[in-house]
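Working through the structure, step by step
As a plain string of letters, each chain reads:
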Amino acid sequence: MSRHVVTLNAGSSSIKFALFELNGGEPVALAIGLVEMLADTRRLKVSNGAGATIHEDAWRDVADASFHTDALRRILAWRSGAFPTANVVAAGHRVVHGGVRYDAPVLVTDEVLRELEALIPLAPLHQPHNIAGILAAREAWPHVRQVACFDTAFHRAHPFVNDVFALPRKFYDEGVRRYGFHGLSYQYVIEKLRTIAPLYAAGRVVVAHLGNGASMCAIRDGHSIGSSMGFTALDGLPMGTRCGQLDPGVVLYLMQEKKLSAEAIADLLYRESGLKGLSGLSHDMRVLEASDTTEARQAIEYFVFRIRRELGGLAAVLEGIDAVVFCGGIGEHAWRVREGVLEGMEWIGVELDRSANLESRQVISSERSRVRVFVIPTNEEAMIARQTTDVLDRESAAAAA
Ligand SMILES: Nc1ncnc2c1ncn2[C@@H]1O[C@H](COP(=O)(O)OP(=O)(O)O)[C@@H](O)[C@H]1O
Ligand SMILES: CC(=O)OP(=O)(O)O
Ligand SMILES: [Mg+2]
């Protein structure tokens, strides 16, 4: 009898999910779906493994706060209806924060859940939804194993200087560290690069994961050695609604002079800043690119400017670069953003092939470019399925021993 794994990836403004069949080799995707939170509607779309749409639905009247629970209910109902005989043996979950302890995927136990709940304040946009997904899957399938796959795990071997803030030492010891996120995406992308261009994958690579959340990572010989995100998923690049790098003095000013509460500041930095705050229009790059307001243009300019700064910084950390990879919704599709980032970057060894970039081809650098630039669609679902299968295999091996 074949076995199946469901993956759940609850992001800040969307839930991605998939159903994989396990047959000994790489897990095979039977269905991949997305529930999106758009301005005044919610949309569910499911494709088969070949990319053809197999189900669509749209609805209104759901408050933002109940988006994730409502979406999960619909996903689980759709799965039971569309694949009633699937033999689901595990659910794999993207969990954004694994703290100091989790440097590899784990089977979820009550103790693990308690530890993940304690990390909610460090990732308020994600961790509660990740945990809600685990609880919903547990309820739907009480006998199915739940596996947590961490965004932070890929970065846990950072050298000390990329793991620390210059605060009194005791804060580092109690876990105030530069964790880095989007690790499932980085691991998927670097493994994909290994199949496309192994020599580059073994070299010095900067990956820009530009989605609704955005970060960049310096990877040497397949290992993360630095990332733009820090203690929380607020640091580094500006994002859809998050501020990115900020002088901590601004937070003090907001508290002391503007008398904002901690909750109001959290709301401002996580939900009202970034592209949305700067443009006054939207968190969505597609909307900003279609707009002709000065504010929308300046929001994109600032986004591009910070990516360029980070690229220079991470290249210095790596002592030079061999490849740059773009991924995430913006990285994969927004050619204007990529062009803005790579314009005038010949000094770092990048020469863009404009027409390849316009078509979002796999390689967008010119033949002459010393640094090769790739566009690689990320697939966090495939990485979750792979890690979940690894945990199941580890469990069976341990049980057999
Ligand atoms: N064709 C496109 N052109 C420009 N931006 C795009 C395009 N498609 C998606 N995006 C942008 O990608 C972002 C969402 O990225 P994604 O990785 O799907 O997000 P999430 O972090 O929620 O998983 C949004 O800002 C969206 O506007
Ligand atoms: C960590 C993070 O920012 O995730 P997302 O891109 O899903 O918002
Ligand atoms: Mg994302």
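Residues numbered from 1 in each chain as written. Chains lettered and ligands numbered in written order. Predicted model: local features only at pLDDT ≥ 70, side-chain atom pairs only at ≥ 80, totals over all residues.

Side note on the domain arrangement of the chain
When the domains of the chain are assigned, the result is domain 1 (3–150) and domain 2 (197–375). Computed over C-alpha atoms, the centres of domain 1 and domain 2 are 26 Å apart. Of the residues in the side of domain 1 that touches domain 2, the class split is five nonpolar, four polar and no charged. (Domains from an automatic or database assignment. Nonpolar A, V, L, I, M, F, W, Y, C, P; charged D, E, K, R; others polar.)

A look at the UniProt feature "site: Transition state stabilizer" (unreviewed entry) in the chain
The sites that carry the UniProt feature "site: Transition state stabilizer" (unreviewed entry) are, in the present numbering, His-182 and Arg-242. Checked against the element boundaries, His-182 lands in the loop between α4 (169–173) and α5 (183–196). Here His-182 falls in the buried class, since 30 other C-beta atoms lie within 10 Å of it. If we ignore the near neighbours within four places in the chain, the residues touching His-182 are Asp-151, His-209, Gly-213 and Ser-215. Within the secondary structure, Arg-242 is located in the loop between β11 (223–227) and α7 (248–256). Judged by local crowding, Arg-242 falls into the buried class, with 29 C-beta atoms found within 10 Å. If we ignore the near neighbours within four places in the chain, the residues touching Arg-242 are Leu-234, Leu-269, Tyr-270, Ser-273 and Gly-274. (UniProt positions renumbered as here; feature names shortened; annotations may be inferred. Helix = DSSP H or I, 4+ residues; strand = E, 2+ residues; numbered from the N terminus. Buried ≥ 20, exposed ≤ 12 C-beta atoms within 10 Å, placed from the backbone. Contact = placed C-beta atoms within 7 Å.)

Re the sheet that holds strand β5 (residues 53–59)
One open sheet accounts for eight strands, arranged β5-β4-β3-β2-β1-β6-β8-β7; its pairing is mixed. Strands at the two margins of the open sheet, each flanked by one partner only, are β5 and β7 (106–107). Bridging between strand β6 (residues 88–95) and strand β8 (residues 145–150) involves six bridges; their strand directions are parallel. Note that in β8 the partner of His-93 across the bridge is Ala-148. Of the strands in this sheet, β1 (3–10), β6 and β8 are in contact with helix α3 (residues 127–140), which crosses β6 at around 170°. (Pairing = 2+ DSSP bridges. Axes fitted to C-alpha atoms, helices over the stretch in contact; angles between N-to-C directions.)

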